[in-house]
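# Overview (structure and organization)
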Amino acid sequence: TANIMEPNELQEALEFIESTNLKYFSKEMVSEFLALKGTFQAQIGKLEDANKSFSAAVQLHDGLVKAWALWGDFLDQLFNEDRNQTLGVAALTCYLHACRHQSEPKSRKYLARTIWMLTYDDEKGSLAEALDKYYMGIPPMHWLPWIPQLLTCLVRNEGTHILNLLCSVGKAYPQAVYFPIRTLYLTLKMEQKEKYKSENQSSQPPTLSRTLSQPTPTDTPNDGVEPMQIE
């Protein structure tokens, strides 16, 4: 693949695609050609040209999973370098579009990256807002393996947007969402109870039993000297 090709091989592949007459191919095939062209351009450092090629690929064929996935990988790599939220939103959007026409097992990679990227969201919730905007196009079944991870997001800034997603999945698969929520609720309730108990004990004044148990001057040892008897 492009990741293991030498620079001269990448350049040759890019020149081959550019010299190919694409008018004899279907829109889907042309879109795939453009996505591959973007991949080769990214590998040789032509980032602007690569972004334009990926954009042209998905505009030509909106349903081509490979084009969305490759564009998402490209933007994700750029996002990892400087945590630019604009790039992060674009990468997350590409991943979500790639999952629309994928089977559940094949979409796991992209949903995993999506949830991971939410941990780098800004104070405005830009990434979570993008998720809230585009999750509707993904079959609810695809989210079922990620219910525990989504529940942990509820206590963070993106909780409101994640709640919308969980409600949507819960309408289609109520039991699959109910049991993890109940488990989380009972766990948090127990942790809160233990925390309150420990705080309560540390703030209480010494009890009578602890006061009586403390040694008094008369309880100190006399080193074997008998007290004087007064008649």
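Analysis parameters
Residues numbered from 1 in each chain as written. Predicted model: local features only at pLDDT ≥ 70, side-chain atom pairs only at ≥ 80, totals over all residues. Heavy atoms only, no water. Axes fitted to C-alpha atoms, helices over the stretch in contact; angles between N-to-C directions. Helix = DSSP H or I, 4+ residues; strand = E, 2+ residues; numbered from the N terminus. Parallel < 35°, antiparallel > 145°, perpendicular 65-115°, else oblique. Left-handed = near helix turned anticlockwise from the far one by under 90°. Contact = heavy atoms within 4.5 Å. Nonpolar A, V, L, I, M, F, W, Y, C, P; charged D, E, K, R; others polar. Expected span 1.5 Å × (residues − 1). Buried < 20%, exposed > 50% of the residue type's maximum accessible area, 1.4 Å probe, protein only. Arc of directions from axis to C-beta. Phe/Tyr/Trp six-rings, centres within 6.5 Å; stacked < 30°, edge-to-face > 60°. Lys NZ or Arg CZ within 6 Å of the ring centre and 35° of its normal. pLDDT = per-residue confidence, 0-100.

## Side note on the packing of helix α7 (residues 126–134) against helix α9 (residues 159–172)
Orientation of α7 relative to α9, taken along the N-to-C sense of each, is 20°, at an axis distance of 9 Å. Considering the angle they form, α7 stands roughly parallel to α9. For the element pair α7 and α9, the recorded crossing hand is left-handed. Residues Ala128, Glu129, Leu131 and Asp132 of α7 touch α9, and the partners they reach there are His161, Ile162, Asn164 and Leu165. For the contact of α7 with α9, a count of residues per class yields 4 nonpolar, 2 polar and 2 charged.

## Here we look at helix α1 (residues 7–19)
For α1, built from 13 residues, the straight-helix expectation of 18 Å at 1.5 Å per residue is met to within 8% by its first-to-last C-alpha distance of 18 Å. Of the positions making up α1, those classed as buried are Leu10, Ala13, Leu14 and Ile17. For α1, the angular spread of the buried residues around the axis is 100°, confining them to a single face. Looking at α1, the residues exposed on the side facing more than 90 degrees away from the buried face are Glu12, Phe16 and Ser19. Against the buried residues of α1 lie α2 (27–43).

## Topic: the packing of aromatic side chains
Using the criterion set out here, one finds 6 aromatic pairs in the structure. An angle of 40° between the planes, with centres 5.5 Å apart, marks the rings of phenylalanine 54 and phenylalanine 74 as tilted. Here phenylalanine 54, found in helix α3 (residues 47–60), pairs with phenylalanine 74, found in helix α4 (residues 65–82); they are 20 residues apart in sequence, far enough to count as distant. Owing to a relative accessible area of 6%, phenylalanine 74 belongs among the buried residues under this scheme. Positioned over the ring face of phenylalanine 79 is arginine 83, at 5.4 Å from the centre of the ring. Positioned above the aromatic ring of tyrosine 120 is the side chain of arginine 83, whose terminal nitrogen or guanidinium carbon lies 3.9 Å from the ring centre.

## Some thoughts on the packing of α4 against helix α6 (residues 104–117)
The geometry of α4 relative to α6 is characterised by a closest axis approach of 12 Å and an angle of 30° between their N-to-C directions. Judged by the angle between their axes, α4 and α6 are roughly parallel. Crossing handedness for the pair α4 and α6: left-handed. Residues Ala69, Asp73, Asp76, Phe79 and Asn80 of α4 lie in contact with α6, whose contacting residues are Lys109, Tyr110, Arg113, Trp116 and Met117.

## Section: the confidence of the model for the chain
For the chain, per-residue confidence averages 85 on the pLDDT scale, and residues scoring 70 or more make up 85% of the total. Note on residues 227–231: pLDDT is under 50 here. Beyond four places in sequence and across chains, it has 0 contacts.

## Quick look at α4
When the terminal C-alpha atoms of α4 are compared, their 26 Å separation across 18 residues agrees well with the 26 Å that a helix rising 1.5 Å per residue should span. Taken as a whole, α4 has its buried residues at Val65, Ala67, Trp68, Ala69, Trp71, Gly72, Phe74, Leu75, Asp76, Leu78 and Phe79. For α4, the elements touching its buried residues are α2, α3, α5 (85–98), α6 and α7. Backbone geometry just after α4 places arginine 83 at a positive phi near 55°.

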